Amino acid sequence: MTDPVLKLLQQQPAGRSLLQGFYTEPAVYRAELERIVYPNWFVAGHRSEWQATGDFRVFDVADESAIIVLGEDGELRAFANVCRHRGSRVCLEQRGQSRAFSCPYHGWKYGINGELVAARSMPDDFDISDYGLKPVSIGIVHGVVLIAFGDSPPSLAGAVRDLEEPMKVLDFDGMKVAARRGYAIPANWKLAVENYQECYHCSTSHPEYARMHTLTIDHRRRAPLQASLKKELAQSPLPDCVIDRIDSEAREGEMGYGYSRTALFDGYLTGSRDGQPVAPLLGGLKGYDGGASDFSFGAFSFMLAYSDHVVCYVFKPVDLQNCCCEITWLVRGDADASKDYDVDELVWLWDITTQADMKIIADNYAGIKSRYYEPGPFSEMEKAESVYVAWLLSELGRAHS
Ligand code: FES
Ligand SMILES: [Fe+2]
């Protein structure tokens, strides 16, 4: 019998949206988890979220769950949230502070370094040191915490090196989390990431965003605005550069990553309701240049850095037909919520934009499941999406080669 994934890969027309089966076949989803989702990095938070010994956050992706906890030695570690007795989830709280994790099922108790410290009524030859929680890969890129559910994820060295300049100028290390929200989307995860990759839909679906962001217009009309941003950047500590290492073009063995800065429309200093400042200027910036930087960290995590705040998007599969978009808003570490920023104003743009996205992505999925759906051609404004789709196909194909 032909492998359904291989069959779809062979049938997929070039330069068009994906065949229905890529979004609906359980075999494709299982292959994606093993080949694409678990081996690669997800942004799981900001280092400032772990301050005191035992501070922890649970981070779930598809069927996996990790406990990310700060040890006595100041090291951040991640462990599979799977009990070594009979497999229960160990930590059921999403975040908190604890000196130990006790499994709710039969009470096995683990220290914050992952070691099993107590297990009742076990045979004499039971060696407690053999049953620590299994480690999950963890890394930090200038304050941004990433985890991967594979034992040998791609190296983060390239991202640490190449993104250093913009991340240092914006002082990512010194930021803090001002807000976080999760958006449950009833659609296959790829549709949510594809939607984030293209702004062809922005002018039709996001009137608020389209007022300020020039990615809603094609590059020819954007050119004069981009030229004035270039002039501003000449006076700014921010680099005027484009880094584009999507996953298939990253150096072998390294996570893909990217950076670019794009002009906002005239009159908009940042992504706020009226375009006026919404939080204190980030890091070493001396003023507003009227731009916003796009960062990408691997295949699932993206950030938009305005001059006064950062919006971080992480797309996580939940199951074949559901995904979650987790958004975290970052501001400078010394900003005070009682006087320097208003959370409702800070989240306004991307909250309404994401709510609109949830609907269009769900409607997209409904149409794709129809017997009348067939892959359609990409527009000029869907270049990044088509590159992403090509990368997904090549990764899935590698699993079968
Ligand atoms: S499954 Fe955790 S103690 Fe039994
Ligand atoms: Fe959108």
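Residues numbered from 1 in each chain as written. Chains lettered and ligands numbered in written order. Predicted model: local features only at pLDDT ≥ 70, side-chain atom pairs only at ≥ 80, totals over all residues.

> Looking at this structure, how should I read the domain arrangement of the chain?
It is common to give the size of an interface as the accessible area lost on bringing the parts into contact. Domain parsing of the chain yields domain 1 (42-138) and domain 2 (157-398). Distance from the C-alpha centre of domain 1 to the C-alpha centre of domain 2: 32 Å. The interface is formed by seven residues belonging to domain 1 together with 13 residues belonging to domain 2. Examining the composition of the side of domain 1 that touches domain 2, we find that three residues originate from one element, strand 1 (residues 42-46), more than from any other. (Domains from an automatic or database assignment. Contact = placed C-beta atoms within 7 Å. Helix = DSSP H or I, 4+ residues; strand = E, 2+ residues; numbered from the N terminus.)

> Please clarify how the pairing of strand 3 (residues 64-70) should be interpreted in this entry.
The two faces of a sheet get side chains in turn, since along a regular strand they alternate between them. In terms of residue burial, strand 3 counts as a mostly covered element, since five of its seven residues are buried. With six bridges joining them, strand 2 (residues 55-61) and strand 3 adopt antiparallel strand pairing. By the bridge assignment, F56 is partnered in strand 3 with V69. From the end of strand 2 to the start of strand 3, which pair antiparallel, there are two residues, and A62 there has a positive phi angle of about 50°. Where strand 3 folds back on strand 4 (residues 76-80), the antiparallel hairpin that results is connected by five residues, among which G74 adopts a positive phi of roughly 80°. (Buried ≥ 20, exposed ≤ 12 C-beta atoms within 10 Å, placed from the backbone. Pairing = 2+ DSSP bridges.)

> Please explain the pairing of strand 1 as it appears in this structure.
Burial runs high along strand 1: five of the five residues are buried. Of the pairings in the sheet, the one linking strand 1 to strand 10 (residues 144-148) comprises four bridges and is antiparallel in character. When the sheet's bridge partners are listed, V43 is paired in strand 10 with L146.

> Which parts of the structure should I look at to understand the sheet that holds strand 7 (residues 109-111)?
Sheets are built from strands paired through backbone hydrogen bonds, the pairs being either parallel or antiparallel. The strand order 6-7-8 describes an open sheet built from three strands, whose pairing is antiparallel. Two strands bound the open sheet, and with one partner strand each, they are strand 6 (100-102) and strand 8 (116-118). Here the average twist between neighbouring strands, direction ignored, is 35°. Two strands pair when backbone bridges link them, and strand 7 and strand 8 are joined in this way by two bridges, in the antiparallel orientation. Note on strand 8: the bridge partner recorded for Y110 is L116. (Axes fitted to C-alpha atoms, helices over the stretch in contact; angles between N-to-C directions.)

> Whenever I open this one, the sheet that holds strand 16 (residues 310-319) confuses me. Can you help?
Taken in spatial order, the seven strands of this open sheet run 11-17-16-15-14-13-12, and their pairing is antiparallel. Across the chains shown, the open sheet's two edge strands, defined by having one partner strand only, are strand 11 (175-185) and strand 12 (243-245). The average angle at which neighbouring strand axes cross in this sheet is 20°, direction not considered. With three bridges connecting them, strand 12 and strand 13 (residues 257-263) associate as antiparallel partners. Looking at strand 13, one finds that D244 is bridged to G258. Together, strand 11, strand 15 (301-305), strand 16 and strand 17 (322-332) form the strand contacts of helix 6 (residues 189-197), whose direction differs from that of strand 16 by roughly 155°.

> I'm lost on unusual backbone geometry in this one. Help?
Most peptide bonds adopt trans geometry, and most residues besides glycine take a negative phi value. With a phi angle near 50°, S121 is a residue other than glycine that sits in the positive phi range. Looking at where S121 falls in the secondary structure, it is placed in the loop between strand 8 and strand 9 (135-141). A positive phi angle, near 45°, is found at H142, a position not held by glycine. Its place among the elements puts H142 in the loop between strand 9 and strand 10. You can call H142 partly exposed: it has 18 C-beta atoms within 10 Å.

> Sorry, what's going on with the nonpolar core here?
Soluble, globular proteins show a tendency: their nonpolar side chains are buried together. Judged by nonpolar contacts, the single largest core of 107 residues is most densely connected at F42, I68, L146, I147, A192 and F315. Sorting elements by how many residues they give to this core places helix 10 (residues 343-368) first, with seven residues. Both domains that furnish three or more residues to this core are identified here as domain 1 (42-138) and domain 2 (157-398). In this structure, I68 is in contact with A44, G45, F56, R57, F59, L76, A78, I138, V145 and I147, ignoring residues within four places of it in sequence. (Core = buried A, V, L, I, M, F, W, Y, C linked by C-beta atoms within 7 Å.)

> It is not clear to me how the packing of helix 6 against helix 11 (residues 383-398) should be interpreted in this structure. Could you clarify?
In helix packing, the relevant descriptors are the interaxial angle and the interaxial distance, both defined with respect to the helix axes. Between helix 6 and helix 11, the shortest axis-to-axis distance is 8 Å and the interhelical angle comes to 145°. With respect to the hand of their crossing, helix 6 and helix 11 are arranged in right-handed fashion. Residue-level contacts link K190, V193, E194 and Q197 of helix 6 to A384, E385, Y388, V389 and L392 of helix 11. A per-class count over the contact of helix 6 with helix 11 returns five nonpolar, one polar and three charged. (Left-handed = near helix turned anticlockwise from the far one by under 90°. Nonpolar A, V, L, I, M, F, W, Y, C, P; charged D, E, K, R; others polar.)

> Would you take a moment to explain helix 6 for this structure?
Because each turn of an α-helix spans 3.6 residues, side chains separated by three or four positions end up pointing in the same direction. Among the nine residues in helix 6, eight count as buried, and that is most of the element. For helix 6, the full list of buried residues reads W189, K190, L191, A192, V193, E194, N195 and Y196.

> Which parts of the structure should I look at to understand the packing of helix 6 against helix 10?
At a closest axis distance of 10 Å, the pairing of helix 6 and helix 10 adopts a crossing angle of 125°. With respect to each other, helix 6 and helix 10 are oriented oblique. Our pair here, helix 6 against helix 10, has a crossing hand that is right-handed. Judged by residue contacts, L191, A192 and N195 of helix 6 engage D357, I360, I361, N364 and Y365 from helix 10. Split into classes, the residues belonging to the contact of helix 6 with helix 10 amount to five nonpolar, two polar and one charged. (Parallel < 35°, antiparallel > 145°, perpendicular 65-115°, else oblique.)

> Mind showing me how you'd approach the environment of E382 here?
Along the polypeptide, E382 turns up in the loop between helix 10 and helix 11. Residues E382 and E198 lie 184 residues apart in sequence; the distance between their C-alpha atoms is 5.1 Å. With residues near it in sequence (within four places) discarded, E382 still touches E198 and Y200.

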